[in-house]
Each structure stands twice: as C-alpha cells, then as structure tokens.
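# Structural description and commentary
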Amino acid sequence: MSVLSVTVVRRQLGDAVSRLLYGFADPVLRSGRRAALQSLLRTDFAPPETLHGQQERLLRDLLAHARASSPWYGERLRDAPAAADFRLDDLPRLPILERSELQDHLDEISGNGQLRPGVRVATSSGSSGTPVRLYHSREYRDWTAAAFDRGYLMCRSFRLGMRRAFFWGSEIDSRAHRGPGGTVRDIVLNQLWFDAFALRRDGLSDAVRRLRAFRPALVVGYVSTLAEVARALDQPIAGLDGVVAAAETLTPPERTLIETAFGAPVFDRYATREVGTIAHECEAHDGLHIESEKLAPDQLTVDSSPCACGRKTPRLVAANSTETLRRVAAYAR
Ligand SMILES: [Zn+2]
C-alpha cells in the first residue's frame, strides 16, 4: 500500500474514531480538560468587570498557595500585601522571576508541589539558549491543553475532532507520534504529524501530497516551516478552515504567502512551553486575544475595545504586538 493510500485510510479511520472520542469518551476520559475548556469559553464573553474579578481571585489564590508551599516565595513575598487584600494594582510590588532563577532554584521554588500526584517534569525546547526544567501538574496540563483547544476553536468553523495536520516537532513533541502507539494516538485524535525538524526541501513535495490526501480542516505549524510548505504547494488545500502559525514572528509577507498558497486565513498564536498560550488571533483578524485568565497586562499596552468576533478579552494589536508580546510574557527572559 502506498504512503498516500495509507494516509487516506488513516483519514477515514480518524473521522470515524474521533467522533466517538470527542462525542462520548472525551468528557469522561478527559473531564478536567473539558471542564477547563468550558470555563475558558465562558471567560471569552464575560464582561470586563467579571474578568477583572476572576483575575484578582485567581491571583490571590496563587499568592496564598505560593506562600504556603514554596520556601522561595515564602521568603520573597514576606513584604508583599496579604493575599486577601492583594489587588491587581499591586502586581508591580511582586518580584519578577528571572529565567536564571528558575534554572538554578527550581526545587526551592516549587517546594512540595513537585511531590503532588500527577506532577511531571517538563523542559522547554531550549530555543532561546539553555532549556528550562519545570514541574507540570495535571491541572496545569488540563488548562494548557484546553487553551490550545480554545485557540483552535477561534479558527472559523473548525471544531474539535476535525482533521488537523501539524508541522511541528521538537524532540519533546515528536516522540509521542512515533511507532505504532503514536500512529494509533494520532488516528484517534484525527491528526497527521509532520516532524518539522526532519523535513528537508527535497521531501516537501511528498509531504504536500500526504497533506492533500489527508484533507485537513486545520494546519498548525512553525511560521518558517509553513512558509516552506507554502512554496511547495502548487494549489490550495481544499476544505481548509485555517492555518495556525506559531512559535516565530509572523511578518505580513509570510502571512500573505501562507494564506495564498494554502487557500485559508492564517491565525497567529503566541505561546511558550513554560506557560502555554499567551495570545491567539480570532476570525476577526484584529489582534490576538490575550489568555486573560492568567495574564493581566498593563491596560495601556492592549486594545480593550469590543472585537468584531464578540469576545471581550483584551487584545494585542498589530501596531505594537511584537514589543507588547515581550512585555506580557509571564517571566523575564
Ligand atoms: Zn476577536
């Protein structure tokens, strides 16, 4: 059986199985992630005062937790206001966590949190230098995955369970897609994985043929990889809802190149391995909606006017996005 025939069979299997997963099994097997997604979708359309109250409540909970469980923060938050009295306006009074501190004092920072059930060690890709080691709780993984799902749902008519193709792949990510187990997992999740780090220019035409045979509703990838695939596409991908471009700065010429070649709008995403999604572009293409449950950026740096998509969360707008994105990152790099 040819590679293209295998891809077609995978597509047919994936369509059948993913309906069962997302329709029946997902709410039971991944209940935490599903509940997180429902909460995130409610936040999108909540009035600003509700969002403000939610941010302050979560911040107070986080402060109380950090004081109680982290020797590092127990020391550094000694002079900060009591958690119960803490307001968003007090944020500048908190110490900034530098990446080097995270690298050198992780165990002291995480305290006994690292011993909780379900906690896993994670590392950043190291694309900006030395990788950062972290501990991810199950709750963190649920909310991060849900935030990615929320981003996908911003892409026109895409819905969970539809076919997705990924041009992605640090070693950390690609491991889960290798071998029989990885193939079964990808079929169940209705996705096709191209290891971006293993792609070569002379193999792009084969990749494009597989991509076309898979007929994805959504393509997700690094900006530079998507641009290379775009140059190899001889005609648009039929039935594509959108292309999520991430991990690198998306320039206007790259956006035009990718949109024209793939035949679908591009959605810019800014995320990090350390904190997950930071901001995601919606179908109105008028800035990136900020992950407002965990980020409370300076109101002067964002656009809080109503978005045509109806979501009420503040946005990073094109005029200042590159610099602003740096400023809202969760910790100083
Ligand atoms: Zn919007």
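Residues numbered from 1 in each chain as written. Predicted model: local features only at pLDDT ≥ 70, side-chain atom pairs only at ≥ 80, totals over all residues.

### Some details on the domain arrangement of the protein chain
So the rule is basically this: Here the limits of each domain have been adopted from an automatic or database domain assignment. Each residue gets a C-beta atom placed from its backbone, and two residues are in contact if those atoms lie within 7 Å. Elements are defined by DSSP. Helices are runs of H or I of four residues or more, strands are runs of E of two residues or more, and each kind is numbered from the N terminus.
As far as domains go, the protein chain holds domain 1 (3-44 + 141-328) and domain 2 (49-138). Placing the centre of domain 1 and that of domain 2 at their C-alpha centroids yields a distance of 27 Å. The partner domain 2 presents 13 residues to the 12 residues of domain 1 that form the contact. Taken together, the elements giving at least two residues each to the side of domain 1 that touches domain 2 come down to α2 (31-44) and α7 (138-153).

### Looking at helix α11 (residues 223-232)
Convention followed: We call a residue exposed when 12 or fewer other C-beta atoms sit within 10 Å of its C-beta, buried when the count reaches 20 or more, and partly exposed for counts in between; the C-beta positions come from the backbone.
Among all positions of α11, only T225, L226, A227 and V229 are buried. Structurally, α11 contributes buried residues whose contacts are with β3 (164-168), α10 (204-214), β5 (218-222), β6 (242-246) and α12 (252-262).

### Quick look at the environment of G118
Structurally, G118 can be placed in the loop between α6 (106-110) and β1 (120-123). The exposure class of G118 is exposed, given the 12 C-beta atoms found within 10 Å. Along the primary structure G118 and R141 are separated by 23 residues, whereas in three dimensions their C-alpha atoms are 9.9 Å apart. Dropping the residues within four chain positions of it, G118 is found in contact with S137 and R138.

### Here's the deal with the sheet that holds strand β9 (residues 288-290)
What counts, and what does not: Here, any two strands with at least 2 DSSP bridges between them count as paired. As a rule, the C-alpha atoms of each element are fitted with a line to give its axis, helices using only the stretch in contact, and angles between N-to-C directions run from 0 to 180 degrees.
In spatial order, the strands read β4-β3-β5-β6-β7-β8-β9-β10; together these eight strands make up an open sheet with mixed pairing. Each edge of the open sheet carries a strand with a single partner, namely β4 (191-195) and β10 (315-316). For β3 and β5, the ladder comprises four bridges, and the chain directions are parallel. What sits directly across from A165, in β5, is V219. Contacts from α11 reach β3, β5 and β6, with the element oriented near 120 degrees to β5.

### Overview of the pairing of β4
Of all five residues in β4, four are buried, a share of seventy percent or more. The pairing of β3 with β4 spans five bridges and is parallel. Bridging across to β4, F167 finds its partner in F194.

### Regarding unusual backbone geometry
For R156, which is not glycine, the phi torsion reads 50 degrees and is therefore positive. Classification of R156 by C-beta neighbours within 10 Å gives partly exposed; the count is 15. At N190, a residue that is not glycine, the phi angle is positive and equals roughly 60 degrees. Assignment of secondary structure puts N190 in the loop between α9 (179-188) and β4.

### Quick notes on the nonpolar core
Applied cut-off: Nonpolar cores are identified as sets of buried Ala, Val, Leu, Ile, Met, Phe, Trp, Tyr and Cys residues joined via C-beta atoms within 7 Å.
Judged by nonpolar contacts, the single largest core of 36 residues is most densely connected at L218, V243, V244, A245, I258 and F262. For this core, the secondary-structure elements that each account for two or more residues are β3, β4, α10, β5, α11, β6, α12 and β7 (266-272). Broken down by element, this core gets its largest block of residues, four residues, from β6. In this structure F262 touches V219, A230, L233, P236, I237, L240 and V243, once residues within four positions along its chain are discounted. Listed in part, the seven residues of the second largest apolar core include Y270, I278, V302 and L316.

### Comments concerning the pairing of strand β8 (residues 276-281)
The side chains of a regular strand alternate between both faces of the sheet. The buried count for β8 comes to six of six residues, which makes it a mostly enclosed element. Turn length for the β7-β8 hairpin, with the two strands adjacent in sequence and antiparallel, is three residues. With three bridges joining them, β8 and β9 adopt antiparallel strand pairing. Looking at β9, one finds that E281 is bridged to L288.

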